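These are the residues of each chain, in order.
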Amino acid sequence: MDWTERRSHLAGLAGAQICLIFQEKSWVRRIGSDRAVRLTPAGETALRDLFDIDPTALLALT
């Protein structure tokens, strides 16, 4: 839980590396501040196909 925004997140080295890889693959794009990202259509497909994650379920976490 991020104490500043009260949102779940993946932090530390693991979170930073996952974010970097997702950015390199254009699965996420930075928005607004340098901390916020948005999932791209390619990222939605990758989450479904590679990780069996429904991207719409992630919206329920915000």
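These numbers were taken from a predicted model, which means no experiment stands behind them.

### Regarding the overall build of the protein chain
Reasoning step 1: Secondary structure assignment for the protein chain yields three helices and two strands.
Reasoning step 2: Reading the protein chain from its N terminus to its C terminus gives the helix and strand order α-β-β-α-α.
Reasoning step 3: Relative to all contacts within the protein chain whose residues are 6 or more apart in sequence, the contacts with residues 24 or more apart total 14%.
Reasoning step 4: Accessible area of the protein chain: about 5,100 Å², with a carbon and sulfur share of 58%.

### With respect to the side chain of Thr-40
Reasoning step 1: Inspection of the secondary structure puts Thr-40 in the loop between strand S2 (37-39) and helix H2 (41-51).
Reasoning step 2: Since its relative accessible area comes to 7%, Thr-40 is described here as buried.
Reasoning step 3: Discounting residues that sit within four places of it in the chain, Thr-40 has contacts with Ser-26, Trp-27, Val-28 and Arg-29.

### Quick notes on helix H1 (residues 12-24)
Reasoning step 1: Compared with the 18 Å implied by 1.5 Å per residue over 13 residues, the 18 Å span of H1 between its first and last C-alpha is a close match.
Reasoning step 2: One or two positions beyond H1, positive phi appears at Ser-26, with a value near 60 degrees.

### As for the packing of aromatic side chains
Reasoning step 1: Per the stated rule, a full pass over the model turns up one aromatic pair.
Reasoning step 2: Taken together, a centroid distance of 5.0 Å and an interplanar angle of 80 degrees make the contact between Phe-22 and Trp-27 edge-to-face. Side by side, Phe-22 and Trp-27 carry an identical accessibility label, which is buried.

### Here's the deal with the environment of Arg-30
Reasoning step 1: Relative to the helices and strands, Arg-30 resides in strand S1 (residues 28-30).
Reasoning step 2: Since its relative accessible area comes to 41%, Arg-30 is described here as partly exposed.
Reasoning step 3: Discounting chain neighbours no more than four positions away, the residues touching Arg-30 are Cys-19, Gln-23, Arg-35, Ala-36 and Val-37.

Rules used throughout
- Residues numbered from 1 in each chain as written.
- Predicted model: local features only at pLDDT ≥ 70, side-chain atom pairs only at ≥ 80, totals over all residues.
- Heavy atoms only, no water.
- Helix = DSSP H or I, 4+ residues; strand = E, 2+ residues; numbered from the N terminus.
- Contact = heavy atoms within 4.5 Å.
- Areas by Shrake-Rupley, 256 points an atom, 1.4 Å probe, with all protein chains shown as cover.
- Buried < 20%, exposed > 50% of the residue type's maximum accessible area, 1.4 Å probe, protein only.
- Expected span 1.5 Å × (residues − 1).
- Phe/Tyr/Trp six-rings, centres within 6.5 Å; stacked < 30°, edge-to-face > 60°.

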